[in-house]
Amino acid sequence: MKNLLLLATISFLMLSCKKMAEPETKVEVQQSVPYSIVIHGGAGSIIKENMTPEKEKAYQQKLEEAIKVGYAILKKGGTSLDAVQKTINILEDSPLFNAGKGAVLTYEGINEHDASIMDGKTLKAGASTGTKTVKNPINLARAIMDTSPHVMLSGSGAELFAKEQGMELVDPSYFVTESKIDALNKVKASKANKTASLYDADIKDSKFGTVGCVALDKNGNLAAGTSTGGMTNKRWGRIGDSPIIGAGTYANNNTCAVSCTGWGEFFIRSVVAHDISALMDYKGLPLKEAAQDVVQNKIPKLGGDGGIIAIDKYGNIVMEFNTPGMFRASIDHEGELYIGMYKD
Ligand code: ASP
């Protein structure tokens, strides 16, 4: 009996010690959470022969500046949504890309902007189309997601909403640049314009420069965003894939976050961003395989071209394109920066 009592006391003391030690053990085994970010600045005929060293440097610097803004937000523990939005703002404010300032011109010689953003945690999304005075269309998409009961607002209604939200509005002339006037004139003078064929190289190559960003934050939340002026010489209120959730932009914490760039009509018909997520979800494919199937197989089979950037829930990064080049940059979960333009 005495022995039994002694054994019970020893067991109790051992258990109590283990309990007291537990919190410390937990802290020791805690893993560092991966976070990463990827951006694109459009896919198309981006080849070294068409670049000057100055132009190359300007693109490199802007891509690096933009991605570092988003990465700093993630590093400090900020949300992937904030990282995506603030990174895209830098690209929208740069005349180098087809978004915000420097967006391509419509047939009428004005700018009509499309943008969208999606939260992988809640599957909430916001999108705006055809706006002419909102300085940063991605901010409008975010406000639609955060403060309206809707997902997508268009044209003058979207602009009224932006005004009511106190967003920065600018005169339409703010967006217009010389190089995009030249691009419009070139397309209008081309044979393709007269035959209204989208297949002509002049038209195909006049649209690249759309911007997008996807990110995974320290809380394991994914987000994606895309902003564009669409296609040079577009008319009749043409809308591409960029503001369409599932086509140009998609994020889901269970799978991945995707932002697309390329020939929008084909990206809409292939529901590209959601298809990549669905291949992971339903078929169990890894991100790289899912992205390759859609970008290298399904889109070209229809006759389209372009590229995507994506991150999965583990922080794996994919930048897949079937065009000669795609402006892109990433910072992976080890903090390594990569910048690319051409096919490596
Ligand atoms: N996808 C965009 C659109 O069709 C253009 C692009 O990404 O280059 O509007």
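Worth saying up front: this structure is predicted, and the values here are computed from it rather than measured.

Colleague: How should the overall build of the protein be read in this particular structure?
Modeller: Counting its regular elements, the protein contains eleven helices and twelve strands. Counting over 344 residues, the protein shows a buried share of 53%. When contacts within the protein are restricted to residue pairs at least 6 apart in sequence, long-range pairs at least 24 apart make up 68% of them. For the protein, the exposed surface amounts to about 16,100 Å²; the carbon and sulfur share of it is 56%.

Colleague: Just to check I follow, could you spell out the pattern of salt bridges for this structure?
Modeller: One side chain can pair with another of opposite charge once the charged atoms of both are near each other. As enumerated under the stated definition, the model contains nine salt bridges in all. For the salt bridge of D275 with K298, the shortest nitrogen-to-oxygen distance reads 2.8 Å. Taken together, the residues span a long stretch of sequence, with D275 in helix α10 (residues 272-283) and K298 in helix α11 (residues 287-302) at a distance of 23 residues. Accessibility expressed as a relative area gives 17% for D275, which makes it buried. K298 gets classed as partly exposed once you look at its relative accessible area, which sits at 30%.

Colleague: Please clarify how the sheet that holds strand β3 (residues 125-131) should be interpreted in this entry.
Modeller: Note: strands within a sheet are paired through backbone hydrogen bonds, in either parallel or antiparallel orientation. Strands sit in the order β4-β3-β2-β6-β5-β1-β11-β12 across an open sheet of eight strands; the sheet is mixed. Taken across any chain shown, the strands that pair with only one partner, and hence form the sheet edges, are β4 (152-154) and β12 (337-342). For this sheet the average axis-to-axis angle between neighbouring strands, irrespective of direction, equals 5°. Bridging between strand β11 (residues 325-331) and β12 involves five bridges; their strand directions are antiparallel. Its bridge partner being in β12, S330 is matched across the sheet by Y338.

Colleague: Which parts of the structure should I look at to understand the packing of aromatic side chains?
Modeller: Any two aromatic rings considered together are summarised by their centre-to-centre distance and by the angle between their planes. Evaluation of the coordinates by the stated rule reveals six aromatic pairs. Plain terms: the ring middles of Y59 and F97 are 5.5 Å apart, the flat faces sit at 80° to each other, and that makes the pair edge-to-face. Taken together, the residues span a long stretch of sequence, with Y59 in helix α2 (residues 53-75) and F97 in the loop between α3 (80-93) and β2 (113-119) at a distance of 38 residues. Looking at F97, the relative accessible area reads 0%, which means it is buried. Relative to F266, the ring of W263 has its centre 4.8 Å away and its plane inclined at 65°; by these criteria the two rings are edge-to-face.

Colleague: I tried to follow helix α4 (residues 137-147) on my own but got confused; where do I start?
Modeller: Working note: α-helix, 3.6 residues per turn, so residues spaced by three or four point in the same direction. Burial analysis of α4 places nine of its eleven residues in the buried class, which makes it a mostly covered element. The set of residues buried in α4 consists of P137, I138, N139, L140, A141, R142, A143, I144 and M145. For α4, the secondary structure elements touched by its buried residues are α3, β2, β3, β4, α5 (155-164) and β6 (222-228).

Rules used throughout
- Residues numbered from 1 in each chain as written.
- Predicted model: local features only at pLDDT ≥ 70, side-chain atom pairs only at ≥ 80, totals over all residues.
- Heavy atoms only, no water.
- Helix = DSSP H or I, 4+ residues; strand = E, 2+ residues; numbered from the N terminus.
- Buried < 20%, exposed > 50% of the residue type's maximum accessible area, 1.4 Å probe, protein only.
- Contact = heavy atoms within 4.5 Å.
- Areas by Shrake-Rupley, 256 points an atom, 1.4 Å probe, with all protein chains shown as cover.
- Salt bridge = Lys/Arg side-chain N within 4 Å of Asp/Glu carboxyl O.
- Pairing = 2+ DSSP bridges.
- Axes fitted to C-alpha atoms, helices over the stretch in contact; angles between N-to-C directions.
- Phe/Tyr/Trp six-rings, centres within 6.5 Å; stacked < 30°, edge-to-face > 60°.

So, to be careful, I would describe these as geometric facts and stop short of saying anything about function.
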